[in-house]
Amino acid sequence: GIEFIDSYVFNKAEYIRFNITVGRYVGYTDLGVSNAQPWNKGPHLGQEHAELERFCKPNAALHYR
């Protein structure tokens, strides 16, 4: 299966991550935790799911040859 992960890093520290397996954003720092809740309720979540359909699934076969 495909696992799509979108990490946001600032100053070499990951502060928030979207993982398609989890299905939501998870914060790893105070900033990430404070952003995760509104991002999970807003349009960001739908955009991540759309990227999986738009980019990952059509291109997965290229990487698994």
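Residues numbered from 1 in each chain as written. Predicted model: local features only at pLDDT ≥ 70, side-chain atom pairs only at ≥ 80, totals over all residues. Heavy atoms only, no water.

### What about the pairing of strand S3 (residues 24-27)?
Alignment of strand S2 (residues 13-19) against S3, held across four bridges, turns out to be antiparallel. Residue pairing for S3: Phe18 is matched across the bridge by Tyr25. Hairpin connection from S2 to S3: four residues lie between these consecutive antiparallel strands, with Gly23 at a positive phi of about 85°. (Pairing = 2+ DSSP bridges. Helix = DSSP H or I, 4+ residues; strand = E, 2+ residues; numbered from the N terminus.)

### What about the nonpolar core?
Counting 11 residues, the largest nonpolar core is built from Phe4, Tyr15, Ile16, Phe18, Ile20, Tyr25, Ala36, Trp39, Leu45, Leu52 and Cys56. Among the secondary structure elements, those contributing two or more residues to this core are S2, helix H1 (30-41) and helix H2 (43-63). Each residue touching Cys56, except ones within four places of it in the same chain, is listed here: Ile2, Phe4 and Glu51. (Core = buried A, V, L, I, M, F, W, Y, C linked by side-chain atoms within 4.5 Å. Buried < 20%, exposed > 50% of the residue type's maximum accessible area, 1.4 Å probe, protein only. Contact = heavy atoms within 4.5 Å.)

### What about the side chain of Glu48?
Residue position: Glu48 is located in helix H2. A distance of 3.4 Å separates a polar atom in the side chain of Glu48 from a polar atom in the side chain of Tyr8. Setting aside chain neighbours within four positions, we find Glu48 in contact with Phe4, Asp6, Tyr8, Phe18 and Tyr25. (Polar contact = N/O pair within 3.5 Å; in protein donor to acceptor, adjacent residues only side chain to side chain.)

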